[in-house]
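What follows is the residue order along each chain.
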Amino acid sequence: QVQLVESGGGLVQSGGSLRLSCAASGSAFSINAMSWYRQAPGKERELVAQLLTVGFTNYADSVKGRFTISRDNAKNTVYLQMNNLKPEDTAVYYCKCRTTTGRSYWGQGTQVTVSS
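Because the structure is a prediction, the values reported are computed rather than measured. (Residues numbered from 1 in each chain as written. Predicted model: local features only at pLDDT ≥ 70, side-chain atom pairs only at ≥ 80, totals over all residues. Heavy atoms only, no water.)

1. Some thoughts on the overall build of the chain
Put simply, the test is: Runs of H or I in DSSP of at least four residues are treated as helices and runs of E of at least two as strands, each being numbered from the N terminus. Note on method: radius of gyration uses C-alpha positions; expected globular size equals 2.2 Å times residues raised to 0.38. Buried, partly exposed and exposed residues are distinguished by accessible area as a fraction of the type maximum, computed with a 1.4 Å probe on protein chains only: under 20%, between the cut-offs, and over 50%, respectively. The contact criterion used is simple: two residues touch if any of their non-hydrogen atoms lie within 4.5 Å. Residue burial considers only the protein chains on display, and all accessible areas are found by Shrake-Rupley using a 1.4 Å probe.
If you tally the helices and strands in the chain, you get zero helices and 11 strands. Going from N to C terminus, the chain has its helices and strands arranged as β-β-β-β-β-β-β-β-β-β-β. For the chain, the C-alpha radius of gyration of 13 Å lies close to 13 Å, the compact-globule estimate for 116 residues. In the chain, which comprises 116 residues, the share counted as buried stands at 42%. Taking contacts inside the chain between residues at least 6 apart in sequence as the whole, the part at least 24 apart equals 53%. Taken as a whole, the chain presents about 6,000 Å² of accessible surface, with 47% of it coming from carbon and sulfur.

2. Looking at the side chain of Ser21
On the secondary structure map, Ser21 appears in strand E3 (residues 18-26). We classify Ser21 as buried; its relative accessible area is 15%. Ignoring anything within four residues of it in the chain, the contact list for Ser21 reads Val5, Glu6, Ser7, Trp36, Thr77, Val78 and Tyr79.

3. Topic: the state of the cysteines
Our working definition: Defined by distance alone, a disulfide is two cysteine sulfur atoms within 2.5 Å.
Counted by the stated rule, this structure contains one disulfide. Covalently, Cys22 is tied to Cys95 through a disulfide, its sulfur atoms 2.1 Å apart. A torsion of -80° about the S-S bond marks the disulfide between Cys22 and Cys95 as left-handed. One end of the pair, Cys22, is in strand E3; the other, Cys95, is in strand E9 (residues 91-99), and 73 residues separate them in sequence. Comparing Cys22 with Cys95, the two get one shared label, buried.

4. Topic: the pairing of strand E11 (residues 110-115)
Going by this rule: Two strands are said to pair when DSSP picks up at least two bridges between them.
Only one face of E11 is covered, namely the face carrying Thr110, Val112 and Val114; the face carrying Gln111, Thr113 and Ser115 is uncovered. The pairing of strand E2 (residues 10-13) with E11 spans four bridges and is parallel. Opposite Val12, over in E11, you have Val114 as the bridge partner. The sheet contact formed by E9 and E11 spans three bridges and is antiparallel. Bridged to Ala91 within E11 is Val112.

5. Remarks on the packing of aromatic side chains
Heads up, the condition is: Between rings of Phe, Tyr and Trp, where Trp is taken as its six-membered ring, a pair exists when centres lie within 6.5 Å; planes separated by under 30 degrees are stacked, by over 60 edge-to-face, and by other angles tilted. Cation placement over rings: the criterion is NZ of Lys or CZ of Arg within 6 Å of the ring centroid and within 35° of the ring normal.
With the rule as written, the count across this model stands at two aromatic pairs. Here a set of aromatic residues connected by ring pairs shows up, and it is made of Tyr37, Tyr94 and Trp106. Looking at Arg45, its charged tip hangs above the ring of Tyr94, at a distance of 3.7 Å from the centre. A cation over an aromatic ring shows up here: Arg45 above the ring of Trp106, its NZ or CZ 4.7 Å from the ring centre.

Fair warning: the whole summary comes from geometry, so function is off the table for now.
Put into C-alpha cells, the structure is as follows:
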C-alpha cells in the first residue's frame, strides 16, 4: 500500500507560479513511476507530467516549457513546478504513482485556480 498526499495548490494570477508537492508513504520503495494529472470542471482527467525512476519525463503539449516534474528520493516526494500559469491551467491536480507490482495509487487532489 502507498499513500499519497498532495499540497501546494492555491489561487494565483495569470503568469504566476506554484509548486505542487506529493509525499508518498507506506511502500514508497516500490514506486517506479509518478505522475501528475489534472481535471477541470466538466472535463476528463488528463495526464500533465510523468516521471519514471530511470529519469524519463513526459509532458502534455499544453504544459511543455512551463511545467517541470522532479523527485526527491530521500523525501519520497515528487514535485510539479508550474510557471507562467494560465487560466486554462485551473483544475484539481492529482498525484498518481505506479509500483513494481503494477498497482496504481492516487492522492486526494489539490485545487489550482489561475485568475486572469
